[in-house]
Amino acid sequence: MSVYHCAFTSTRTLYSSSFTSSRSFGFLRSLFPQIIHRSHRFITNSNISDFHSIMPHNKQRSGLKEQKWIQKSSGDRPSDATASAEGITNGIGRLTIAETNAQSPVPVLQFGGIKVDEMAPSVINDNTLHGSKSIFQPKAYGTVSAATVDASKKTVNTAAQTVGLSNLFKNNLLENFTIDNSTYSTAKIRATFYPKFENEKSDQEVRIRMIEMVSKGLATLEVSLKHSGSLFMYAGHEGGAYAKNSFGNVYTAVGVFVLGRIFREAWGTEASKKQAEFNEFLEREHMSISMELVTAVLGDHGQRPREDYVVVTAVTELGNGKPKFYSTPEIIAFCRKWRLPTNHVWLFSTRNSATSFFAAYDALCEEGTATSVCKALDEVADISVPGSIDHIKVQGEILEGLVARIVSHESTKEMELVLKDYPLPIDEVQQDLGPGLREICAANRSDEKHQIKALLENTGTSFCPDYVDWFGIEAADVLPRNADRSVVSKFLQANPSNYSTTKLKEMVRLMKEKRFPAAFKCYHNFRKINSISSDNLYYKMVIHVHSDSTFRRYQKEMRYKPDLWPLYRGFFVEINMFKASKEKAAEMAKTSVDVGKNDKNSDDISGKKGLADEDANLMIKLKFLTYKLRTFLIRNGLSVLFKDGPAAYKAYYLRQMKIWNTSPGKQRQLSKMLDEWAVYIKRKCGNRQLSSSIYLSEAEPFLEQYAKRSPENQALIGCAGNLVRTEEFLAIVEGGGDEEGDLETEKVLEPSSPGLDSIQKKEGLIVFFPGIPGCAKSALCKEILSASEGLEDDRPIHSLMGDLIKGRYWQKVADERRRKPYSIVLADKNAPNEEVWRQIEDMSRSTKASAVPIVPDSEGTESNPFSLDALAVFIYRVLNRVNHPGNLDKSSPNVGYVLLMFYHLYDGKNRPEFESELIERFGSLVKMPLLKSERSPIPDSVKTVLEEGINLYRLHTKRHGRSESSKGTYAKDWVLWEKQLREVLSGNADYLTSIQVPFEFAVNQVLEQLKRIMKGEYVTPISEKRKFGTIVFAAIDVPVTEVHNLLSCISENDPKVKTFIENNVRNNLEKAHVTLAHKRSHGVTAVANYGRFVNQKVPVDVTTLLFSDKLAALEAQPGSIDGQKISSLNEWPHLTLWTAQGIPPKEANTLPELVLQGKATRIEINPPFTISGVLQFH
């Protein structure tokens, strides 16, 4: 069966038939003008052959059988200017694969998977010492073939070696490794994925900017499919296999097996040789590839894939400087060289195509499937490059989404060159591939370790010669993989050996100093076991970012420090700490300077090419409702449904749909379906919650039956049926982990009540305070109690003061809620972190209450929701109170320390993030005024003492955790600082008093906000990223007043018309438009093509009035925009005025025929009446 086969045909000859992919890519430069002077657009269409059935293991995945160019009209594309293809030529020129004379493998003894004769080599290789990039200097590298490695040699097999290893680790090498002037460290990036850039602008602003850049010829819009899987990165056997934030587990074992099988499918009998060459190539060139790993064995996403596969999403040169990512044309060339799977990509290089793309998505966002989306994008794109595997064939119809980003304006030309110079391989491969992934997992169900071993053994030794990254050195008394936390601190203290290490240290140090939510997990590098000595230590470090806020905060730091390297996703680094002589140290210093100069002159991301940083990083993710209803509404709602019941589940999914801005019609349809699903699954499972990893076993049959009931249901569901059963082959993941974190994607919301926009009086209310001591919550609670009648709410209200309650406070609140379920509880205790917020959410659901947070209003800082002057006021208030029930007053010796502790509980969130999360969790937010808007800046003495305290707190917690300030190394420093703090605040008492708003004003503001919430008048600020409704049709909206004026003019001379208009039209016409195209009648593309004219004025000539006893409409002829005629796709362009009760508006199309039949009246308007309208999507 053909794995890859293609033939190029064209309406015009681009290259001679003798021009084949074997030619050097650089040769294309001489032919470049043939392409860059064309004023035509091209689209690559494909007829994709049928794929094999799901389970048989002796057949291969089929690829594209035919690929051809179809010439498109020039449209409004700007004329192409001569541009250099040098960048892509240089990039692809290094990808040549040796077809013959492959280096002969050399058999060597394996030591725990590591060669025994492997040196303890010099720490810095020649390339590094001379400042050259290894990518440009291929070196000899022996590859171990299947014939040379015996499976029995994958573990340590001699007593002497075991004793040696045991002694090596027992000597506490790290603890005894001292840092001095001769200590150096080398950090080598092994794998990384694109930086995660968060758009600071709204999605609408990003769209506008993207279209603007394309319109001006500054950039091209690139769109690719988002396959539904998990991130998998591969840097060759020596470099390692990695998941998103881990390695050496079942996720990476599955990835290695699937990638290895891809080679066997594509290369047949040459597979072993190509696998070894590929591993050698990645190691020699210091590269990694990133892929979307799509498989049915690692848990359910939106649809169980029909096959297990990978799609290459990034190729990265790691070199000795900043990682460099290939552009998409370069990725395609790379993948076609190695016969690796590529994604479907579309390019939009004109204003017309770019606006049409966004319009097409908006038209399909609630009903789109892989077939309809790909078809629409093929029709509006300037270039479409289908992937070497078809999403529909291998994944299915349920499409997670699209990723749109800005790339170089040269991308279109580069893509055309690549597609001509690198056609898909034509080799036909037939061979028995052995057992498949699902069969192996099904046959090895005892535990995760056995599954991993079975997968690696079936991968083959040419691709996976040993299992060190998974099992380490299987010898007695050898330490586990995890290394001591002091690795990071010693790494930072050691001298950097090269430029890359300097920049990585800078990154790690910044993140630790700023206390970004991230972990730097270190592991023993068993692959370097033969090189380890007391003066030469090796580790692997995983940079695990815990929160998306880290990426946003890091981006801000990059604006202040442009030389900072980006913070990458999937970030894995090898660390080597060693002692060096003076001569070698001098040599390393020179190399570091040379590489640094080169690095500063290069771009970090391919395709940037002159784009400003802000524009080069523009990206937007666009997901489809047919995917989200499965993953977010069904799968992620299971815990809410089974723990808290149907009412809480309904509140959950309604909140999600509101955040997504789902259309009212779809909300009604989904609510009906999800209510039915809740009854169905609760009845079937009882109180035993359905596992999210196999939720589709129940959801898919339910959705299939539901879809069969009506076409409307079918459109809602998208596609269902042909379920792949996974229960017998699901991979065993110890601890039930989810490597990709998909279960928590998009911050799935679990609101505390069925929407706080309208609190029902039959339920209770919890008022709580995410604040800091000194924020006046107790005083506020007293005022609320005394003014309870002013809230106009008849529910009983009472307060629970945390300082007077012993034991578990929030449990006491829950008990009180159960005892008085319809009351209002004022939870007079600081609720400072997400752990407490989750307790309040759980309590709210279990006791059927709503929850309202009251927070002190403050501008905040970049990393904290409270500003320094707010913190100063809080401390000042505490220092001025006496006899406090919680013993936190002027007599307390550590007031400053306690308040800094609370202050740092909020660290990591700026003010918008803080407020947004509270609103997303609880549906509302009350702000208590604190500081006057017009106030003097905080005095330097106050600012300085607070900053000194913050630095001292960080030093203290870093060494002693949460131990009291009176204990530990800094006890004396705390005493001195507390004294200085009191003196400074006392000396600035007038300032701290003057900047506060009057307490009475703050109380009144809080009461008014609470009253609005209780009355249901509160409008929830929606923080959703997509604020666009789904598009159904394109039309020209015209002012109703002008239509009424026209009708008045017509009726003046015709009593019959006057009577008709007064009785039927005058009071019924509220909106007026001329329909141009409807997606049901004319297709998505037809509607999308009006995208470039949206919001622009269009003159409309009204020529005739037609009416019958049930219908009335005006015949209309749209004019032009900037000289381009706007035409309606309706056979009879018109503006519907009125239809009788029960008559759909589309029946107005029949009026011309009714006139001919004598059943309607026609009145000419001469001269035509011109109305100015605006083209809009509806």
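Scroll up a little and you will see the structure.
Caption draft 1: Layout of the sheet that holds strand β13 (residues 383-385). Read from one edge of the open sheet, five strands run β13-β12-β6-β14-β19, paired in antiparallel fashion. Looking along the sheet, the strands with just one partner apiece sit at the ends: β13 and β19 (619-623). Mean inter-strand twist for the sheet, computed between neighbouring axes without regard to direction, equals 20°. With three bridges joining them, strand β12 (residues 345-348) and β13 adopt antiparallel strand pairing. Residue pairing for β13: V345 is matched across the bridge by V385.

Caption draft 2: The arrangement of the side chain of H391 in detail. Tracing the backbone through its elements, the reader meets H391 in helix α13 (residues 391-394). Overall, H391 belongs to the buried group, its relative accessible area being 3%. Each residue touching H391, except ones within four places of it in the same chain, is listed here: L225, H227, A370, G396, I398 and L399.

Caption draft 3: Summary view of the pairing of strand β25 (residues 1033-1037). Counting buried residues in β25 gives four out of five residues, a clear majority hidden from the surface. Summarising the sheet, β25 and strand β26 (residues 1073-1078) pair through five bridges and their orientation is antiparallel. From the neighbouring strand, A1035 faces β26, where its bridge partner is T1075. Where β25 meets strand β32 (residues 1161-1177), four bridges bridge the pair, whose relative direction is antiparallel. Residue pairing across strands places D1037 opposite V1174, the latter belonging to β32.

Caption draft 4: Examining helix α30 (residues 809-819) more closely. Looking only at α30, the buried set comprises Y809, W810, V813, A814, E816 and R817. Taken down its axis, α30 places every buried residue within 160° of arc, on the same side. Contacts made by the buried residues of α30 are with β20 (764-769), β21 (797-801), β22 (824-830), α31 (834-846) and β23 (849-856).

Caption draft 5: Region of interest: the pattern of salt bridges. All told, the structure shown has 45 salt bridges when counted by the stated rule. Between R527 and D469 there is a salt bridge, with its nearest N and O atoms 3.6 Å apart. Linking R527 in the loop between β16 (518-524) and β17 (536-545) with D469 in helix α17 (residues 468-471), this pair joins segments that are 58 residues apart in sequence. Each member of the pair, R527 together with D469, is buried.

Caption draft 6: The sheet that holds β20, seen in detail. Spatial strand order, β21-β22-β20-β23-β24: five strands in an open sheet with parallel pairing. Edge positions in the sheet fall to β21 and β24 (926-928), since each has one partner strand and no second. Across this sheet, the average inter-strand angle for adjacent strands is 20°, counted without regard to direction. Bridge count for β23 against β24 is three bridges, and the pairing is parallel. Counted as the bridge partner of P856 is M928 from β24. Together, β20, β22, β23 and β24 form the strand contacts of helix α38 (residues 999-1015), whose direction differs from that of β24 by roughly 175°.

Caption draft 7: Up close: the side chain of S388. Along the chain, S388 turns up in the loop between β13 and α13. Here the side chain of S388 touches T342 through a polar contact of 2.9 Å, landing on its backbone nitrogen.

Caption draft 8: Inspection of the packing of α30 against α31 at higher detail. Contact geometry for α30 and α31: axes closest at 10 Å, N-to-C directions at 15°. Between α30 and α31, the angle falls in the class roughly parallel. For α30 against α31, the interelement crossing comes out right-handed. Two secondary-structure elements touch here, α30 through W810, V813, A814, R817 and R818 and α31 through V836, Q839, I840, M843 and S846. Of the residues in the contact of α30 with α31, the class split is six nonpolar, two polar and two charged.

Basis of the calculations
- Numbering of residues starts from 1 in each chain and follows the order in which that chain's sequence is written.
- In keeping with the model being predicted, local features are shown solely for residues with a pLDDT of at least 70 and side-chain atom pairs are shown and tallied solely at 80 or more, while totals for entire chains, interfaces and linings include all residues.
- Hydrogens and water are ignored here; the side-chain numbers use all heavy atoms of the structure.
- At least two DSSP bridges between two strands are needed for those strands to be called paired.
- For the purposes of this entry, the term helix denotes a DSSP run of H or I that reaches at least four residues, the term strand denotes a run of E that reaches at least two, and both are numbered from the N terminus.
- Interaxial angles span 0 to 180 degrees and are taken between N-to-C directions of axes, which are lines fitted to C-alpha atoms, for helices over the stretch in contact.
- Exposure categories follow from relative accessible area, calculated using a 1.4 Å probe and restricted to protein chains: below 20% of the type maximum is buried, above 50% is exposed, and the middle band is partly exposed.
- Residue contacts follow a heavy-atom distance rule, with two residues in contact if any of their heavy atoms lie within 4.5 Å.
- In this description, the arc belongs to the directions extending from the helix axis to the C-beta atoms.
- Whenever a carboxyl oxygen of Asp or Glu lies within 4 Å of a side-chain nitrogen of Lys or Arg, that contact is scored as a salt bridge.
- Within 3.5 Å is the distance limit for a polar contact, defined as a pair of N or O atoms, with the added protein rule that one can donate a hydrogen and the other accept it, and that residues adjacent in sequence qualify only through two side-chain atoms.
- Here roughly perpendicular refers to angles of 65 to 115 degrees, roughly parallel to angles under 35, roughly antiparallel to angles over 145, and oblique to all remaining angles.
- By convention, the crossing between two helices is left-handed when the near helix turns anticlockwise from the far helix through less than a right angle, and right-handed when the turn is clockwise.
- Side-chain classes are defined by residue name, with Ala, Val, Leu, Ile, Met, Phe, Trp, Tyr, Cys and Pro counting as nonpolar, Asp, Glu, Lys and Arg as charged, and the others, Gly among them, as polar.

From the geometry alone we can't say anything about function, so treat these as descriptive.
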